[in-house]
Amino acid sequence: MAKTVVSFTLNGSPVDVLVEPRELLIHTLREKLATTGPHIGCDTSHCGACTVDLDGLSVKACTVLTVQCDGAEMLTIEGFAKAGALHPLQEGFSQEHGLQCGFCTPGMITRAYRLLQENPSPTEADIRFWMAGNLCRCTGYQNIVKSIQYAAAKMRGETVATSHPVLAE
Amino acid sequence: MDTNIETHARLEKLEGIGCSRKRREDPRFIQGKGNYVDDIKLPGMLSGVMVRSPYAHAKIVSIDTSKAKAHPGVHAVLTAEDLKPLKLHWMPTLAGDVQAVLADGRVSFQNQEVAFVVADDRYTAADAADLVEVEYEELPAVVDPFKALAPDAPVIRPDLDGKNVGAHGARKHHNHIFNWQIGDKDKTDRAFANAEVTVKQDMLYPRVHPCPLETCGSVANYDAIRGDLTVWITSQAPHVVRTVVGLLSSIPESKIRIISPDIGGGFGNKVGVYPGYVCAIVASIVLGRPVKWIESRSENLTTTAFARDYWMTGELAADKNGKIRALRVNVTADHGAFDACADPTKWPAGMFHVCTGSYDIANAHVSVDGVYTNKFPGGVAYRCSFRVTEAVYLIERMIDVLAQRLDIDKAEIRRRNFIQAEQFPYLSPLGLEFDSGNYAPALERVLEAVDYKALRAEQAALRADPNAPTLMGIGITTFTEIVGAGPSKNCDILGIGMFDSCEIRVHPDGSAIARMGSISQGQGHQTTYAQIIASEAGIAASQIAVEEGDTSTAPYGLGTYGSRSTPVAGAATARAARKIREKARKIAAHLLEVAPDDLEFDLDQFKVKGDPARGKTMKEIAWAAYNNVPEGMEMGLEAVDYYDPPNFTFPFGAYVCVLDITKKTGETKVRRFYALDDCGTRINPMIIEGQIHGGLTEGFAVAMGQELPYDEQGNVLGGTLMDYFLPTSQETPHWETDFTVTPSPHHPIGAKGVAESPHVGSIPCFSSAMVDAFAHLGTTHFNMPYNSFRVWQHAKSLGLTA
């Protein structure tokens, strides 16, 4: 099958890849660009483990062709920490125990990032609605909601603290 | 400095048992730097894809691989014929049966593995898989375990022809696997004959799937020059996998290295050894290159390890006041086409005999028949200890049925039957010794928290109003789990006792590394094992690296499933840490020129009794261990412990669920779910809460929507996430959690295991609430899953939808 060169910006750096027209973005990222943060959980765009931010939209990279991404700006979980400093969402997920096995986490954080770009002060209902395209089998979502609330507060400049103090009991 | 403040600061630095220590695993996962099997990329690695059967039952007339082999980029196409010379076309299962690795002339379930295509990459392999031409001659399929036992039912396993005795005794029919009985049948039958009241209820625990977010997969790399095989694998039990691979391949275990890297959830799905793993290994040996096999979601949901499929009939005999005198249970267990049930060898129904629950029942008898059908193999525990979810479901449903029959409140009937605190250790009529429990206070605390009386009053008012658009159901469960398999006298896997292990090395600078035979799939072992060592050996948790999952470095262990990590490997960890502490005591005594008994351990140091100003910190002692030890002592500060528990542990809980159901649509809303769990000593409250949220959510999924049904032709329905219910953040309820602490008397730190209790306990609680909503109309039970359609159907059958 004839291959095409596709160029886009990945986490701030320009990349060129040679792909077949049928190649899915998630495979290009994971197998050609060493970007293994986004995961494959379902192949059918139900689970959201492969979520990346593409030109300001959350997309499921298992359902996007790489050739559709020519000229795009793309953000994956690998682009969140800057100069060794965690993004407030990354901090929030750890402080509020918003992850267990970690497999859904890159997609969750990437989706939550888009939510907070659109709505800096989401209610719990807003968060549950916005995150419904990202499945988690471990946490039951309750601490994911708290993680996103933690990050939202921090991004608004408010003082934040974990709801799990080390020596509570 | 104030002593309390100083102690607080030291405790905070130590981060021992009881601290909500933040997870050591998180930094890599939140930055996309986890290392899961599919992230592994080796030079020259090839990709393998399975060719699968579209039929549930068929003879294979021919397989033509020539077009696939001729496809550019294809390196090999394996079929059973290729595996036969290696005697690898069949493999032993954990249940004493055999399973086809690649179909040997016949397929017995839809999506069964028929051929394995290896190519340069996954696209090429998938293209070539489509070019493998298989001619089938379809046979009648049977997917109902009762029909499978009909005299003229299709023969599902002709390879067992003439074999009238299986791994668990006599087979009474060509599709029968075993009959297993426990308890005193005569005494139980007599109790029923003499009972004032008896109740009987049929119930189905449907076929479901654990469905971790990461599917199963492996990367096999055989180094022909060194003769070494390395396999990265999604396994909850890497050491057992090494032994199985050794048995199958005749490669010595010293030449096999199994690595379970980060695992994206297991929930029981990743206990077994699957054909894909075996094919990737064979292909790597044959081709001399690394071979990766990763299953798709549909392959995961339809081939690797279902759970449940238990068709149960429960009976209770009782006095008129609700005191239970006897329990009788008959189960028909659908095991699919191969018996690949993951259970301790001698118990083909796992620990189902915990089914007398939290109640003091004098007489009980259980009989379980295992049956072959044309469905995929498995029978793993989905977030529970072996068949414990089924057992707890049975007894919790039955006690509700009895309460309704006698018109006794569902909380009150439990009070009248609880094993009392002073009865522990309690020997159950089915031979288990319940180590500890304190059930009544847990129930009372939950009833008070939800204001049970007010809920019942509200429900009564709603029932009295014929125009009310909704029904209200109140569910109660007071369950007991059995986890921590297990004592090796009762439990083994393939002949290996179910111990677990820990090895600790303290370095000269006082930091340490600990390695275990278990493997985390999200439970946070790197965080919590370090807390145990911190409390027991006085080394700050932040200074302890915890490693698991690499069989070349970790001590042998049976792995993580059945909530056995804390009860078994956690116990080994505490005991190994105590060995470190006792050696440290001797070194400290030597350094301080006092007798070891003159020292007392104080968090992170040894102090001289009566002279607390004199002491040695663990850091100082660690340094001395490498240069100044008492005469006759070996240098170094290391310990290893292989722990064979004397008994199981018995976590318990009391849950209440309140459901609001719209009569016209069957739509159900969880208004409230209050879960009190008692897991004994609590190591990390934050992680415990997270585990309970997750278990409750998986329980919600099973009760309210999960099912893998089949049509009459043996087509599996529900093989994608379009059909198979995984709850999203939208429908998942808000959970309220609570706890009591009843330590296990035999566990070194009193811990019992926690992650599975909420799954085991919540499912019957949802059923209890759902049935309760219709109880005033005579409903005693209807089967899960309670999706809106089914609830609507039930409401319609009662004339509620008009």
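Residues numbered from 1 in each chain as written. Chains lettered and ligands numbered in written order. Predicted model: local features only at pLDDT ≥ 70, side-chain atom pairs only at ≥ 80, totals over all residues. Heavy atoms only, no water.

Participant: Summarise helix α14 (residues 452-464) of chain B; cite the residues concerned and give the values.
Facilitator: For α14 of chain B, built from 13 residues, the straight-helix expectation of 18 Å at 1.5 Å per residue is met to within 8% by its first-to-last C-alpha distance of 18 Å. Of the surrounding secondary structure, the elements contacted by the buried residues of α14 of chain B are α12 (410-417), α13 (439-450), β23 (470-480), β33 (652-662), β34 (668-678) and α19 (757-774) of chain B. (Helix = DSSP H or I, 4+ residues; strand = E, 2+ residues; numbered from the N terminus. Expected span 1.5 Å × (residues − 1). Contact = heavy atoms within 4.5 Å.)

Participant: Residue-level account of the packing of aromatic side chains, with values.
Facilitator: Geometry of an aromatic ring pair is reported as the spacing of the ring centres plus the angle between the planes. Residues and elements named next belong to chain B. Applying the stated criterion across every chain, the model contains 33 aromatic pairs over all chains. Each ring, one from Phe 109 and one from Phe 338, has its centre 6.3 Å from the other, and the planes form 85°; the classification is edge-to-face. With a gap of 229 residues between them, Phe 109 in the loop between β6 (106-107) and β7 (113-119) and Phe 338 in the loop between β18 (324-334) and β19 (363-371) connect regions that are remote in the sequence. Considered together, Phe 109 and Phe 338 belong to a single accessibility category, that of buried residues. Here Arg 28 stacks its cationic end above the ring of Phe 29, 4.7 Å away from the centre of that ring. A cation sits over an aromatic face here: Arg 207 above Phe 306, 3.5 Å from the ring centre. (Phe/Tyr/Trp six-rings, centres within 6.5 Å; stacked < 30°, edge-to-face > 60°. Buried < 20%, exposed > 50% of the residue type's maximum accessible area, 1.4 Å probe, protein only. Lys NZ or Arg CZ within 6 Å of the ring centre and 35° of its normal.)

Participant: Any chance you could break down the packing of helix α18 (residues 685-704) of chain B against α19 of chain B for me, citing the residues and the numbers?
Facilitator: Residue and element names in this part refer to chain B. Packing of α18 against α19 leaves a shortest axis separation of 8 Å and a crossing angle of 45°. It follows from the interaxial angle that α18 and α19 lie oblique. In this structure, α18 crosses over α19, and the sense of that crossing is right-handed. On the side of α18, the interface is formed by Gln 691, Ile 692, Gly 695, Leu 696, Glu 698, Gly 699, Phe 700, Val 702, Ala 703 and Met 704, while α19 contributes Pro 758, His 759, Ser 762, Ile 763, Phe 766 and Met 770. For the contact of α18 with α19, the residue count by class is ten nonpolar, five polar and one charged. (Axes fitted to C-alpha atoms, helices over the stretch in contact; angles between N-to-C directions. Parallel < 35°, antiparallel > 145°, perpendicular 65-115°, else oblique. Left-handed = near helix turned anticlockwise from the far one by under 90°. Nonpolar A, V, L, I, M, F, W, Y, C, P; charged D, E, K, R; others polar.)

Participant: Lay out the pattern of salt bridges with the relevant residues and their values.
Facilitator: When their charged atoms lie close together, side chains carrying opposite charge are able to pair. Within the structure shown, the criterion is met by 69 salt bridges over all chains. Residues Glu 20 of chain A and Arg 22 of chain A are paired through a salt bridge, measuring 2.7 Å at the closest nitrogen-oxygen approach. A relative accessible area of 27% means that Arg 22 of chain A is categorised as partly exposed. The partner of Asp 189 of chain B in a salt bridge is Arg 328 of chain B, and the shortest N-O contact between them spans 2.6 Å. With a gap of 139 residues between them, Asp 189 of chain B in helix α7 (residues 185-193) and Arg 328 of chain B in strand β18 connect regions that are remote in the sequence. With a relative accessible area of 24%, Asp 189 of chain B lands in the partly exposed category. (Salt bridge = Lys/Arg side-chain N within 4 Å of Asp/Glu carboxyl O.)

Participant: If you had to explain the domain arrangement of chain B to someone new, which residues and values would you point to?
Facilitator: Residues and elements named next belong to chain B. Domain annotation of chain B identifies domain 1 (3-34 + 500-643), domain 2 (37-139 + 215-263 + 270-303) and domain 3 (306-485 + 648-797). Taking the mean C-alpha position of each, domain 2 and domain 3 sit 37 Å from one another. Taken together, the 21 residues of domain 2 in the interface contact 23 residues of domain 3. When domain 2 packs against domain 3, close to 1,800 Å² is buried across both sides, 61% of that on carbon and sulfur atoms. Inspection of the region where domain 2 meets domain 3 yields seven residue pairs in polar contact (both at pLDDT 80 or more). Those elements giving two or more residues to the side of domain 2 that touches domain 3 turn out to be β5 (98-100) and α10 (297-303). Looking at the side of domain 2 that touches domain 3, the element that brings in the most residues is α10, giving five residues. By residue class, the composition of the side of domain 2 that touches domain 3 is ten nonpolar, nine polar and two charged. (Domains from an automatic or database assignment. Buried area = accessible area lost by both parts, 1.4 Å probe. Polar contact = N/O pair within 3.5 Å; in protein donor to acceptor, adjacent residues only side chain to side chain.)

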